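# Topology and contacts: notes
Listed below, chain by chain, are the residues.
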Amino acid sequence: MIQSLRGMNDMFSPDAERYEYFIETATTIAKRYGFSFFEAPILEETALFKRSVGESSDIVGKEMYQFIDKGENDVCLRPEGTAGVVRAFIQKKLDKQGGIHRLFYHGPMFRYERPQKGRLRQFHQFGIESFGVASVVEDATLIMLLVDILNALGIGYKLEINSLGDQHCMPDYRNKLVSFLDEHESEICEDCKRRKATNPIRVLDCKNSSCQSLYANAPKLMQNLCEGCESDFEQLKALLDDNNIDYEINTHLVRGLDYYSKTAFEFVSDEIGAQSAIAGGGRYDRLVEFLDGRETPAVGFAMGIERLLELIKMPESAREGYYIGTMDDEGLPIIMKAAQAKRKSDKVTVEYKSKNFKNHLKGADKVNARYCAIVGENERNDKTIWIKDLLNKTEETIAIDNF
Ligand code: HAM
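This section reports on the structure supplied with the text. (Residues numbered from 1 in each chain as written. Predicted model: local features only at pLDDT ≥ 70, side-chain atom pairs only at ≥ 80, totals over all residues. Heavy atoms only, no water.)

### Some points on the pairing of strand E9 (residues 261-268)
Of all eight residues that make up E9, eight are buried, and the element is covered over most of its length. Two elements, strand E7 (residues 158-163) and E9, share six bridges in a ladder whose sense is antiparallel. Bridging across to E9, Leu-159 finds its partner in Phe-267. In this structure, E9 lies alongside strand E10 (residues 277-283), joined through six bridges in antiparallel fashion. (Buried < 20%, exposed > 50% of the residue type's maximum accessible area, 1.4 Å probe, protein only. Helix = DSSP H or I, 4+ residues; strand = E, 2+ residues; numbered from the N terminus. Pairing = 2+ DSSP bridges.)

Next up, the structure:
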């Protein structure tokens, strides 16, 4: 028997219903904030991710579904959504056009990671990208949007924020950090030795506990921000305070993708086990330029939908639509016709099998229908249909033509 690939799951009810409800809710809220739906291909040139997510990241270094296609192109399944959106933004010349562009998207992403609870090889993200606003006010707005989505779904969270500095302060900080790592070369793990050479700040989120205790004394990015980055960070904190959004500053929050500068943030949940990040994002003011577009400030985030599914509080499903049944085979053409007319406006479940009255009522209850409509011998002769409102417990017999 052929099985699905490791880390790639099928989605049936009730998860599928939760997924749909998530997309509906997040879409409604994103639109309220002025974002429009966007869709990019799942397959892109490998170079796109190498240049944006970064060669030193785990995602590009170890986790890409990369292959040579039949036309000898080096391609890969997207491991995340931002790079594709930025590629499309430049390709459509929106960078040259200027102005503000706010987009949202959702769909599957692929990372060849070691599967475990909350960590899949094919997973789904809901993402938001905003282009053209340099002010940190947009960063705060995006965080508020994300909080609105989580609140609407009844999901608790902890928000962590950090500033990663910009081209003015990051190089100096990087040098200080590298000097610190040089001094402690013998104490750091092999991975951190490699990171020191490729992208030193990534050492800060090393999972190794002895590295972690060492880095508690490492120079802090937060204390090395330039004036612009520092005042932006202060403004972000003030805006979050004003809007009653709780946060913690995590100076070791560096994110796993290389394109960030200034604001970085992550939402975590303590209810879903080790893979606790439910959403992450930040500012990436240099990425458009880096992919050969015109310099454009940008900020965005993505939510990991699978990690949210079990946390979603679904609204109680109300009784809906019609269940239509017949008590004998002669009634079947009549209920088929009645159902077809009713489907123009309502959800309809037709029971093809003839059943007695009691069993039809049970069937209507099972599919959570609001109305149970039945045609028996009498109704057939009188050209009527019997209807029970299962919510208000009222019943009536009406002419089938008026159904
Ligand atoms: P990311 O932090 O790599 O950011 O992913 C965002 C979210 O996707 C994570 O917080 C997590 O919930 C979910 N996720 C990541 N990997 C997996 C996995 N293997 N299995 C299940 N869920 C996973 C990005 O992807 C950026 N593109 C976000 C962004 C948008 N930054 C700016 N704009």
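### Thoughts on the environment of Tyr-19
Residue placement: Tyr-19 occurs in helix H1 (residues 15-32). Along the sequence, Tyr-19 and Leu-308 sit 289 residues apart, while their C-alpha atoms lie 9.0 Å from each other. Aside from chain neighbours lying at most four places away, what touches Tyr-19 is Met-11, His-124, Ile-305 and Leu-309. (Contact = heavy atoms within 4.5 Å.)

### Examining the layout of surface pockets
Within this model, the second largest pocket holds a volume of roughly 570 Å³. Arg-174, Asp-258, Tyr-259, Tyr-260 and Arg-286 are the residues nearest the centre of the second largest pocket, which is lined by 24 residues in total. Among the elements that make up the lining of the second largest pocket, the one with the highest residue count is helix H2 (residues 46-54) (four residues). Counted by class, the lining of the second largest pocket contains nine nonpolar, six polar and nine charged residues. (1 Å grid on protein atoms, 1.4 Å probe; cavity = no way out; pocket = protein on both sides within 12 Å on 5 of 7 lines; lining within 4 Å. Points joined across faces, edges and corners; volume = space filled by probe spheres on them. Nonpolar A, V, L, I, M, F, W, Y, C, P; charged D, E, K, R; others polar.)

### Considerations on the site of the ligand
Taken together, 25 residues are adjacent to the ligand, and Glu-80, Glu-113, Glu-129, Tyr-260 and Ala-277 come closest. Here Glu-80 contributes a side-chain N or O atom positioned 2.6 Å from a nitrogen atom of the ligand. The contact in question runs from an oxygen atom of the ligand to an N or O atom on the backbone of Ala-279, over 3.4 Å. Protein contact buries 96% of the 660 Å² of open area that the ligand shows by itself. Of all the elements in the fold, those that place two or more residues in the shell around the ligand are strand E6 (122-131), E10 and strand E11 (298-304). Tallying contributions element by element places E10 first for the shell around the ligand, with five residues. (Near = heavy atom within 4 Å. Polar contact = N/O pair within 3.5 Å; in protein donor to acceptor, adjacent residues only side chain to side chain. Areas by Shrake-Rupley, 256 points an atom, 1.4 Å probe, with all protein chains shown as cover.)

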